[in-house]
Amino acid sequence: MPNLRVEPEQRVIEQDGSRTLLDVMKEAGIPITYACGGRARCSTCRVAVVEGVAFCASRNEAEQAMAEKLALTPDIRLACQTRVSGQVAVRRLVLDALDQKLASQRVALGAEVGRDAELAVMFSDVANFTPFSEALPAYDVVHTLDRWFTASGDVVALHGGRVDNYMGDGFLAVFEQAEGAADAGLELLEAAAALSRYTKGAFGLPFSTRMGIHWGQVVVGTLGASHNRRSTVVGDVVNMAARIEAANKELGTSLLVSRELEQRLPPRFARGRQAELALKGKSSVHALVELRTAG
Ligand code: FES
């Protein structure tokens, strides 16, 4: 009879495929959670199949609906709906009361669980923001940032991106296409120049932005306390985008992208300065390319 191995208990249970994983585990005394009683409504019985995913029967209609709602990857299965026909190892994902609460919240909100994605990540902040903000009353600082975030959010959306997060005078935006990110970057330079005309007229101070864009694998998930949950991206690509943005200062540029992103761009994008930089906090050297408005 094929075995089912269950982590983190490392229990090995014999099973013949006639019952669901939930029933097999319950009978073996494994403390698996099943808040909806096995009706594919709560997802608290979810497991990650770590070995033998090919031996798992296809999702039935009820499990498929939940998988689509939560954007579950193929290796995440509802134990209450899954039968297996061979040697399989699973890891229980809901281990304590807080896990159960979070799983239930995700179902209630229809919030996706983590998924891998390849994206362009842009980090942008305001150049010389400290002297700018010190020279102006708080009202004018907030008003200027408000104008900037409104204009830049529109530009990001226009090019298929989404602002993921605001941090002080900076923001993080993600794009599914490298080209969209680069087009947005160039248009943001124009938007900053337009805002600079305004701030010079209103306060006698210029306004400018610096941006870094990188391309790579991130994890997209919904995070935060229950009253403040939102979709966000995490991963080294995000840190790299911030480092690339900071490198503008050293190179005297405004829009730098990594080689990984630049290689995905067509020739119509005008390349400017190129540099190899040991980025602060990173062990290796990275090739960076400046993008400029053509002509
Ligand atoms: S027990 Fe609720 S979905 Fe499986």
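Because the structure is predicted, anything quoted here is derived from the model rather than measured.

What follows covers the sheet that holds strand β4 (residues 76-78). Strand-to-strand pairing in sheets goes through backbone hydrogen bonds, with the strands running parallel or antiparallel. On the basis of which strands lie adjacent, the open sheet formed by five strands has the order β2-β1-β5-β3-β4 and mixed pairing. With partners counted over all chains shown, the strands left at the sheet margins are β2 (11-14) and β4, one partner each. Here the strands of the sheet are splayed against their neighbours by 35° on average, with no regard to which way each runs. Note that strand β3 (residues 46-51) and β4 share three bridges and pair antiparallel. Bridged to A48 within β4 is I76.

This part takes up the nonpolar core. Judged by nonpolar contacts, the single largest core of 40 residues is most densely connected at A120, V121, M122, A181, I213, V238 and A241. Elements supplying a minimum of two residues to this core: β6 (115-126), α5 (138-158), β8 (170-175), α6 (178-203), β9 (209-223), α7 (236-251), β11 (255-258) and β13 (285-292). With 17 residues, the next largest nonpolar core counts L22, V24, M25 and L78 among its residues.

This part takes up the domain arrangement of the protein. Parsing the protein into structural domains produces domain 1 (3-109) and domain 2 (115-292). The distance between the C-alpha centroids of domain 1 and domain 2 comes to 40 Å.

Moving on: the environment of A35. Along the chain, A35 turns up in the loop between α1 (21-27) and β3. Assessed through the 17 C-beta atoms surrounding it within 10 Å, A35 is described here as partly exposed. When residues no more than four places from it in sequence are discounted, the contact partners of A35 are C42, T44, Q100 and S104.

Okay, α5 next. With 21 residues, α5 should cover 30 Å at 1.5 Å per step; its first-to-last C-alpha distance of 30 Å lies within 8% of that length. For α5, every residue scored as buried is listed here: T144, W148, S152, V155 and V156. Angular distribution of buried residues about the axis of α5 spans 95°; they occupy a single face of the element. Set apart from the buried face of α5 by more than 90 degrees, the exposed residues are A138, Y139, V142, D146, T150, D154 and L158. Contact partners of the buried residues in α5: β6, β7 (161-167), β8 and α6. Backbone geometry just after α5 places G160 at a positive phi near 80°.

Bringing α6 into the picture now. Taking 1.5 Å per residue as the helical rise, α6 with its 26 residues ought to reach 38 Å, and the 36 Å between its terminal C-alpha atoms agrees with that figure. Of all the positions in α6, only A178, A181, A182, D183, A184, G185, L186, L188, A192, L195 and T199 are classed as buried.

Further remarks concern the environment of C36. With respect to the element layout, C36 can be found in the loop between α1 and β3. Among the residues examined, C36 registers 15 C-beta atoms within 10 Å and is labelled partly exposed. Setting aside its immediate chain neighbours within four residues, C36 contacts R41 and C42.

Regular strands place side chains that alternate from one sheet face to the opposite one. With five bridges connecting them, β9 and strand β10 (residues 230-234) associate as antiparallel partners. In the strand pairing of β10, V219 is matched with V234. Where β9 hands over to β10, the hairpin turn is made up of six residues, of which G224 adopts a positive phi near 120°.

Turning next to unusual backbone geometry. Negative phi characterises most residues that are not glycine, and trans characterises most peptide bonds. For the bond running from E7 to P8, omega is 5°, close enough to zero to count as cis. Assignment of secondary structure puts P8 in the loop between β1 (3-7) and β2. A positive phi angle, close to 60°, is found at Q10, a residue other than glycine. Structurally, Q10 is set in the loop between β1 and β2. Since 8 C-beta atoms lie within 10 Å of it, Q10 is described here as exposed. Although it is not a glycine, S43 adopts a positive phi angle of roughly 70°. As for its position among the elements, S43 is in the loop between α1 and β3. The buried category is assigned to S43, around which 25 C-beta atoms lie within 10 Å.

Parameters and conventions
- Residues numbered from 1 in each chain as written.
- Predicted model: local features only at pLDDT ≥ 70, side-chain atom pairs only at ≥ 80, totals over all residues.
- Pairing = 2+ DSSP bridges.
- Helix = DSSP H or I, 4+ residues; strand = E, 2+ residues; numbered from the N terminus.
- Axes fitted to C-alpha atoms, helices over the stretch in contact; angles between N-to-C directions.
- Core = buried A, V, L, I, M, F, W, Y, C linked by C-beta atoms within 7 Å.
- Buried ≥ 20, exposed ≤ 12 C-beta atoms within 10 Å, placed from the backbone.
- Domains from an automatic or database assignment.
- Contact = placed C-beta atoms within 7 Å.
- Expected span 1.5 Å × (residues − 1).
- Arc of directions from axis to C-beta.

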